[in-house]
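# Commentary on secondary and tertiary structure
Spelled out, the chains give:
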Amino acid sequence: MPAHTGWAETAAETVPGNFPALNCSLGDGSSGLGSDKSFYLDPLANETWAVLEPFLREMAAIFPESRVHIGTDEVYWRCYNTSATLRAAVLAAGKKLDDDGFKWLLRGFISRVQMLLTSVGKTSMIWNEGFDTYGPGNHGWQMNGPEGRTFSINKELSSNTAVEFWEGGNGEQYNPATGRPVASNPQQALAHGNSALATNYLPMT
């Protein structure tokens, strides 16, 4: 969450209140972002939380694990930029319609989910993008920088957040969507007070 939540397409059609899932094309395949449609949850809509809050509470009651993985990967503001409501909210908050403004939306979404999980006795795990990409700063929606992406630490995460990294065969962390290196590593997550783990990614053959 809140990106590539394919189940949201069905929920948007069946849940009363017109559950808001934004239908967004990430690209034409040449950008490294793929050409498939992606479904983004509206982070500010009451209808979103009317679905997410009872769902997360129910899952917390069913599963005994202490951590809940909430995703946070592959969110690009060009998709949220298609929503007039979200653009207006960014401007009303005194932000600009740029990378910094739309990442403000993401940090708010992550914080609200984390607070909800805390209230039911759970902690959260996120993909590294929620840690190393969504902090303040205007870098553009593209993956930039000498290490293959933007680098902006999100310091609003709960202190008990676990940050998960994709790990390639050579021991380097990377983004499986692009094959490019990421900007941070588990040691940096630990240095910011989080816990961290690396997942050995095995491509299908």
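For the structure, see preceding data.
What you are looking at is a predicted structure, and each value in this text was computed from that prediction instead of being measured.

This part is about the overall build of the chain. Scanning the chain from N- to C-terminus turns up 7 helices and 8 strands. Across the chain, every contact between residues at least 6 apart in sequence was considered, and the portion connecting residues at least 24 apart equals 69%. Only carbon and sulfur atoms are counted for the fraction: they give 53% of the accessible area of the chain, which is about 10,100 Å².

The subject of this paragraph is the pattern of salt bridges. The final tally for this structure, using the stated rule, is 3 salt bridges. Two residues, Asp 99 and Lys 103, come together in a salt bridge whose shortest N-O distance is 3.2 Å. Placement of both Asp 99 and Lys 103 in helix 5 (residues 99-119) is noted, with a separation of 4 residues, approximately one turn of the helix. For Arg 107, the salt bridge goes to Glu 156, with nearest N and O atoms at 3.0 Å. On the criterion of sequence distance, the pair formed by Arg 107 in helix 5 and Glu 156 in the loop between helix 6 (129-132) and strand 5 (162-167) is long-range, its members being 49 residues apart. The partly exposed category is assigned to Glu 156, whose relative accessible area is 46%.

By secondary structure assignment, the location of Ser 184 is in the loop between strand 7 (180-181) and helix 7 (186-191). For the pair Ser 184 and Phe 151, spaced 33 residues apart in sequence, the C-alpha separation works out to 7.6 Å.

Attention shifts here to the packing of aromatic side chains. Evaluated as defined, the whole model comprises 2 aromatic pairs. Pairing Trp 49 with Phe 109 gives two aromatic rings, centres 5.3 Å apart and planes at 40°, and the pair type is tilted. In this pair, Trp 49 sits in helix 2 (residues 46-62) while Phe 109 sits in helix 5, placing the two residues 60 residues apart along the sequence. Exposure remark for Trp 49: the relative accessible area of 3% places this residue in the buried category. What makes Phe 109 buried here is its relative accessible area of 3%.

This part is about the side chain of Thr 123. Inspection of the secondary structure puts Thr 123 in strand 4 (residues 123-127). Among the residues examined, Thr 123 registers a relative accessible area of 19% and is labelled buried. If sequence neighbours within four positions are ignored, Thr 123 has contacts with Ser 66, Arg 67, Val 68, Leu 117 and Asn 160.

Let us look at the sheet that holds strand 5. If you trace the 4 strands from one edge of the open sheet to the other, you get 3-4-5-8, paired in parallel fashion. Unpaired on one side and paired on the other, strand 3 (67-69) and strand 8 (195-200) mark the two borders of the sheet. Pairwise comparison of adjacent strand axes, ignoring direction, gives a mean angle of 30° for this sheet. Bridge count between strand 3 and strand 4: 3 bridges; the pairing is parallel. By the bridge assignment, His 69 is partnered in strand 4 with Met 125.

This paragraph deals with helix 2. Under the 1.5 Å per step criterion, the end-to-end length of helix 2 is 25 Å for 17 residues, consistent within 8% with the ideal 24 Å. For helix 2, the complete set of buried residues consists of Thr 48, Trp 49, Val 51, Leu 52, Leu 56 and Ala 60. With its buried residues spanning 160° around the axis, helix 2 presents them on a single face. Exposed side of helix 2, more than 90 degrees from the buried face: Asn 46, Ala 50, Ala 61 and Ile 62 are the residues found there.

Criteria and cut-off values
- Residues numbered from 1 in each chain as written.
- Predicted model: local features only at pLDDT ≥ 70, side-chain atom pairs only at ≥ 80, totals over all residues.
- Heavy atoms only, no water.
- Helix = DSSP H or I, 4+ residues; strand = E, 2+ residues; numbered from the N terminus.
- Contact = heavy atoms within 4.5 Å.
- Areas by Shrake-Rupley, 256 points an atom, 1.4 Å probe, with all protein chains shown as cover.
- Salt bridge = Lys/Arg side-chain N within 4 Å of Asp/Glu carboxyl O.
- Buried < 20%, exposed > 50% of the residue type's maximum accessible area, 1.4 Å probe, protein only.
- Phe/Tyr/Trp six-rings, centres within 6.5 Å; stacked < 30°, edge-to-face > 60°.
- Pairing = 2+ DSSP bridges.
- Axes fitted to C-alpha atoms, helices over the stretch in contact; angles between N-to-C directions.
- Expected span 1.5 Å × (residues − 1).
- Arc of directions from axis to C-beta.

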